[in-house]
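Spelled out, the chains give:
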Amino acid sequence: MSPAAIDARDVEVTYSDGTEAVRGIDLEVPDGEFFGFLGPNGAGKTTMIKTMATLLKPTGGSVTVNGFDVVSAARKVRESIGYMAQETTVDEELTARENLRFACESYGVPKADRADRIKELLDLVDLADVADKRADDFSGGMKKRLDAATALVHRPPLVFLDEPTTGLDPKARNRLWDYFGRINDQGTTIFLTTQYLEEADQLCDRISVILDGEIVETGSPAELKREVGGEILDVEIGGDAALAEGDAARAEGDDGPGARERAVEVAREAGLFDDASIQITDDGISVTTPNAQTQGTDLLVALRDAGVTVTGFNVHAPTLDDVFLAITGEELEHADVEAPEQAALAGGED
Amino acid sequence: MAPSSADDDTPAATATAPTDADPGTAIADGGRAASEGAAATAASGEAVARSSNSFLGDFWINFKRWNLKAVRNPFVLVVSLVQPIIFLVLFTQVFGNLAGGALGGPAGAGPSYETFLVPAIAVQVSLAAAVTSGIGLVNDIENGMFEKVLVSPMRRTAVFLGKTCAELLRIAVQIGIILVLGVLLGANLATGVPGALGIMAVGVLFSLWFIALSNTLAVLTRDQESTIIVANLLQFPLLFLSSAFLPLDVLPEWIQTFATFNPVTYGVDAARGIMLNADVMTVLDVTTFGGVWDTLVPGLAVLLALDLVLGAVAVFMLRRASSSAVQ
């Protein structure tokens, strides 16, 4: 039986100032999986990833990476992993090729293989045409791709990516996703941290939601989204006049429902959704459903048949906030990107 | 495993690619498609076998990186030479005649001021170049390369040794340039080429304690400006309150006292001893070795002791900074 790529038991990391960044994490990531840590800033994602990559020693518990203990066999771990830090890290005074050569040498890629390996990686991250340009001339996305390539020189069976796409434009981000997907398809285990549900959804086989240094939920993206109950369908009802009319009618003691109440009634009668998933919003109704696209159409038809005026219609996937709300019952605190770990850590107690 | 051919999505095809010189990789490439067990073990086992650099190998990698960076950034190389060169030219031209008197007269038995000054400038070069060592480290810490190196399997000691040796090489080259320039300006190097090499060696030995100091500052402040400011602030008092620019016996008593405890005095005296092939040290009265050795032995001994003490401090600080213990 091969060891799991990552096997963490009751890991704790407490900084000397008393900050408990990681508070008892158990984690098992099998070989070949694309695994994600999803959580807000300061949740302990980076601390945990640094602990697994031997940059920090756990103050409690144990971590085994590729079968090696991160404390007693740190060097073996380092040889068998690739690590891409949150901040883009390239030597800007060197060219792309020189950066890759230094990485090859650092990881002891045999001399005979180096040139081929460098060429292969330059092609992989689309930097072959600027291979001999200095990295300080590169855009943010190009540097990030070069950084990613340097983490792969030794064909590590496990790669850690700490918020790899933060700060990138959508095009650059999609390109990186594509690379990560390909590497994983070829058998590399990938451990990624992210603040974006979309990213985790797109890439990961399995996700752990991490909050205040603890894992609060683990599952496939589909399972996590089921926690939220699917996608969210917003229907805007009538004009201001229609709403005012309904409200006015109620104020006058008229039992006839307003436009929004009428819409909810229609939605219930249509039998498309759980009653609990239908809510009244400021300008219409909102429905949470696993199948918003098709049911949305049915709902619109039903509303039209019932004579309710629909002025707007919008389907959106659950956001990280939605997942957090569903799983933890608390709103996700929007900390600044630069916010220290403590800011968000102060948030929750269990 | 990792992509051995980027455009190839089928692991099987990758595994059988004839260009793949690494048999272990071929097995590992099939790791996911094949049953986990054996293939996955091969994956981690292979990764380990692949990454076994020797200590010397690790040293060489880092030595090369820092030399490459120095060549890539000739600005640093030039700037750390400009100030000493300005000193050399201005001091000899402006103070040359005056200082000549203090040295025993231009027509007398004393050396010319050029000859007297060149060893001091060599030591100044060592100081200036040593400052950049800490700056390089701070840069690496700030841009993440420090962490990137730490997460690699390279041995820490080899990493820092490689970097330091690249800096020492640069210092030796810069001192060589100063010596050539000095001779062109009329300085007389009594001991010839072996003497020149000796002065370079003195400069290297001298620079080590300041390299240690600037790296300690770098780790402590983790800030480029602070490292530069503190190191530069130290440079001038150290240079002027020593035997660098004038013989100590013409300077006020308090400077003579300070100079006795100033490492620059020992570096300058050792270099000057070689330059003049004579016992020039006045702060310590050693007579046991005879001739220039009465200057060299105590001078080098003091520098060595200082290097060891400050070096130990720097090693301690660097070890702490690169340890994975949670702080």
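Residues numbered from 1 in each chain as written. Chains lettered and ligands numbered in written order. Predicted model: local features only at pLDDT ≥ 70, side-chain atom pairs only at ≥ 80, totals over all residues. Heavy atoms only, no water.

**Student:** Describe the side chain of Asp140 of chain B, and please don't skip the residues or the numbers.
**Tutor:** Its place among the elements puts Asp140 of chain B in helix α6 (residues 113-143). Residues in contact with Asp140 of chain B, not counting those within four places in the same chain, are Arg65, Trp66, Met145 and Phe146 of chain B. (Helix = DSSP H or I, 4+ residues; strand = E, 2+ residues; numbered from the N terminus. Contact = heavy atoms within 4.5 Å.)

**Student:** I'd love a proper account of the environment of Glu199 of chain A, names of residues and values included.
**Tutor:** All names here are of chain A. With respect to the element layout, Glu199 can be found in helix α7 (residues 197-203). Overall, the relative accessible area of 1% leaves Glu199 in the buried class. With residues near it in sequence (within four places) discarded, Glu199 still touches Pro164, Thr165, Arg173, Trp177, Leu192, Thr193 and Thr194. Within polar-contact distance, the side chain of Glu199 engages the side chain of Trp177 at 2.7 Å. (Buried < 20%, exposed > 50% of the residue type's maximum accessible area, 1.4 Å probe, protein only. Polar contact = N/O pair within 3.5 Å; in protein donor to acceptor, adjacent residues only side chain to side chain.)

**Student:** Got a sec to walk through the environment of Arg97 of chain A? Specific residues and values, please.
**Tutor:** Residues and elements named next belong to chain A. Positionally, Arg97 belongs in helix α3 (residues 96-106). C-alpha of Arg97 to C-alpha of Ala148: the two residues are 51 residues apart in sequence and 13 Å apart in space. Setting aside anything within four residues of it in sequence, one finds Arg97 in contact with Ile118, Leu122, Ala131 and Asp132.

**Student:** Lay out the sheet that holds strand β11 (residues 231-237) of chain A with the relevant residues and their values.
**Tutor:** Residues and elements named next belong to chain A. Strand order across the open sheet formed by four strands is β12-β13-β11-β14, with antiparallel pairing between neighbours. Each having just a single partner strand, β12 (278-280) and β14 (310-316) make up the two edges of the open sheet. Within this sheet the neighbouring strands show an average axis-to-axis angle of 15°, counted without direction. In the packing of helix α10 (residues 259-269) onto the sheet, contacts are made with β11, β12 and β13 (284-289), and the angle to β12 comes to roughly 175°. Against the sheet, helix α11 (residues 292-305) touches β11, β13 and β14, its axis set at about 20° to β11. (Pairing = 2+ DSSP bridges. Axes fitted to C-alpha atoms, helices over the stretch in contact; angles between N-to-C directions.)

**Student:** Describe the packing of aromatic side chains, and please don't skip the residues or the numbers.
**Tutor:** Two aromatic rings, taken as a pair, are described by how far apart their centres are and by the angle between their planes. Residue and element names in this part refer to chain B. Within the structure shown, the criterion is met by 19 aromatic pairs over all chains. Aromatic pair Tyr113 and Phe116: ring centres 6.0 Å apart, planes at 20°, arrangement stacked. A residue pair is termed a helical-turn pair when its members lie 3 or 4 positions apart in one helix, as Tyr113 and Phe116 do in helix α6 at three residues. Both residues of the pair, Tyr113 and Phe116, belong to the buried class. Ring pairing ties together the aromatic residues Phe87, Phe91, Phe95, Phe236, Phe240 and Phe245, which thus form one cluster. A cation sits over an aromatic face here: Lys69 above Trp66, 5.2 Å from the ring centre. A cation over an aromatic ring shows up here: Lys163 above the ring of Trp66, its NZ or CZ 5.1 Å from the ring centre. (Phe/Tyr/Trp six-rings, centres within 6.5 Å; stacked < 30°, edge-to-face > 60°. Lys NZ or Arg CZ within 6 Å of the ring centre and 35° of its normal.)

**Student:** Could you give an account of the pairing of strand β2 (residues 20-29) of chain A, naming the residues involved and the relevant values?
**Tutor:** Residue and element names in this part refer to chain A. Relative to β2, strand β1 (residues 6-14) is paired through seven bridges, and the arrangement is antiparallel. Bridging from a neighbouring strand, Ile6 pairs with Val29 of β2. Hairpin geometry of β1 and β2 is characterised by an intervening segment of five residues between the two adjacent antiparallel strands and by a positive phi of about 95° at Gly18.

**Student:** Tell me about the pattern of salt bridges, and name the residues and values.
**Tutor:** What the rule picks out here adds up to 27 salt bridges over all chains. Arg114 of chain A is paired through a salt bridge with Glu105 of chain A; the nearest N and O atoms lie 3.8 Å apart. A single burial state applies to Arg114 of chain A and to Glu105 of chain A, both of which are buried. Lys163 of chain B serves as the salt-bridge partner of Glu167 of chain B, at 3.1 Å between the closest nitrogen and oxygen. Taken together, the residues span about one helical turn, with Glu167 of chain B and Lys163 of chain B both in helix α8 (residues 156-184) at a distance of four residues. Residue Glu167 of chain B is classed as buried on the basis of its relative accessible area of 5%. Each of Asp91 and Glu93 of chain A together with Arg65, Lys69 and Asp140 of chain B takes part in a single network of salt bridges with overlapping partners. (Salt bridge = Lys/Arg side-chain N within 4 Å of Asp/Glu carboxyl O.)

**Student:** Lay out the pairing of strand β10 (residues 214-219) of chain A in plain terms, naming residues and giving numbers.
**Tutor:** Consecutive side chains along a regular strand alternate between the two faces of the sheet. Residues and elements named next belong to chain A. Judged from the five bridges that link them, strand β9 (residues 206-211) and β10 form a sheet pairing that is antiparallel. Among the inter-strand pairings, Ser208 is bridged to a residue of β10, identified as Thr218. Taken together, β9 and the strand that follows it, β10, pair antiparallel across an intervening segment of two residues, in which Asp212 is found at a positive phi of about 50°.

**Student:** Can you explain helix α9 (residues 192-221) of chain B? Please cite residues and give values.
**Tutor:** All names here are of chain B. With 30 residues, α9 should reach 44 Å at 1.5 Å per residue; the first-to-last C-alpha distance of 43 Å fits that figure. Approximately 30° is the largest bend angle found in α9, and it occurs at Leu208. Arg222 sits one or two residues past α9 and shows a positive phi near 50°. (Expected span 1.5 Å × (residues − 1). Bend = angle between axes of the 7 residues up to and from the residue.)

**Student:** Describe in detail unusual backbone geometry, supporting the description with residues and values.
**Tutor:** Negative phi is the rule for most residues except glycine; trans is the rule for most peptide bonds. For Thr54 of chain A, which is not a glycine, the phi torsion comes out positive at approximately 70°. Counting through the fold element by element, Thr54 of chain A comes out in the loop between α1 (45-52) and β4 (60-65). One non-glycine residue, Arg222 of chain B, lies in positive phi territory at about 50°. Structurally, the position occupied by Arg222 of chain B is in the loop between α9 and α10 (224-240).

**Student:** For a nonpolar patch on the surface, give the residues involved together with the corresponding values.
**Tutor:** Nonpolar side chains collect at one region of the surface, where Leu77, Val78, Val82, Ile86, Leu90, Val94, Phe95 and Leu98 of chain B lie side by side and expose about 710 Å² of accessible area between them. One can find Phe95 of chain B in helix α5 (residues 74-102). (Patch = residues over 30% accessible without salt bridge, like charges linked within 9 Å, V, L, I, M, F, W, Y side chains within 5 Å. Areas by Shrake-Rupley, 256 points an atom, 1.4 Å probe, with all protein chains shown as cover.)

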